[in-house]
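Structure at a glance
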Amino acid sequence: MVERDVEVQAFEILNLSRDFEASFVVNELDPALWFNIVRDESEINYATTQLVLDYKDLQDAIGGDSIAVAIANPEKEAKIKQEVLDIFYDADLLRQRSRRLLGRACWLFSKGRSFVNLGPVNEIEADARSHQEWIDRSKRFLTQLKSGSGDCFKLLQFSPAP
């Protein structure tokens, strides 16, 4: 079910640097902001590539056995647990970086043509200890920005922790 939930090819649209590189914009952007965009895209690419491999490794660890039979074997159980943890790690990295990239893109595009003069803002760019910390820190900034019919924070579509 987790594998079907993440459509890795859909993340290809989050490649702003490819669009910027083909224009004058690449020479106008703040270098630190440009580096952050490219870094996040690279980590998204890594996570989507790794998820495909993680799922294959999980299937290999399970083998042709049912889950109940596979986890009854201590060696297989340990391998299955490690593969599931790998999936969760890569899915979390994908979630974190794609939200940051989406929040940043909304912020840039909300500024119209003047986005090329912007520098990095801490609310989006600073690394956080957790994804929830990043969401909490960015909320006030992103809710003040409008893109289309809603604010940039609403684009992130997440369910707050209870």
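This structure is a prediction, so every number in the text was calculated from the model and none was measured.

What about the pattern of salt bridges?
Note on pairing: side chains with opposite charge can pair once their charged atoms come close. What the rule picks out here adds up to 13 salt bridges. Here Lys76 ties to Asp65 by a salt bridge, and the two come within 2.5 Å at their closest N and O atoms. With Lys76 in helix 6 (residues 74–110) and Asp65 in the loop between helix 4 (31–62) and helix 5 (67–72), the pair connects residues that are eleven residues apart, well separated along the chain. With relative accessibility at 23%, the residue Lys76 sits in the partly exposed group. Within this structure, Arg39, Asp40, Glu43, Arg97, Arg100, Arg104, Glu125 and Asp127 form a network of salt bridges that share partners.

Side note on the state of the cysteines
Scanning the model with the defined rule gives one disulfide in all. Between the sulfur atoms of Cys106 and its disulfide mate Cys152 the distance is 2.0 Å. The sign of the -80° torsion about the S-S bond sets the Cys106-Cys152 disulfide as left-handed. Taken as a pair, Cys106 in helix 6 and Cys152 in the segment after strand 2 (150–151) lie far apart in primary sequence, 46 residues in all. Given a relative accessible area of 1%, Cys152 falls into the buried group.

Parameters and conventions
- Residues numbered from 1 in each chain as written.
- Predicted model: local features only at pLDDT ≥ 70, side-chain atom pairs only at ≥ 80, totals over all residues.
- Heavy atoms only, no water.
- Salt bridge = Lys/Arg side-chain N within 4 Å of Asp/Glu carboxyl O.
- Helix = DSSP H or I, 4+ residues; strand = E, 2+ residues; numbered from the N terminus.
- Buried < 20%, exposed > 50% of the residue type's maximum accessible area, 1.4 Å probe, protein only.
- Disulfide = S-S within 2.5 Å.

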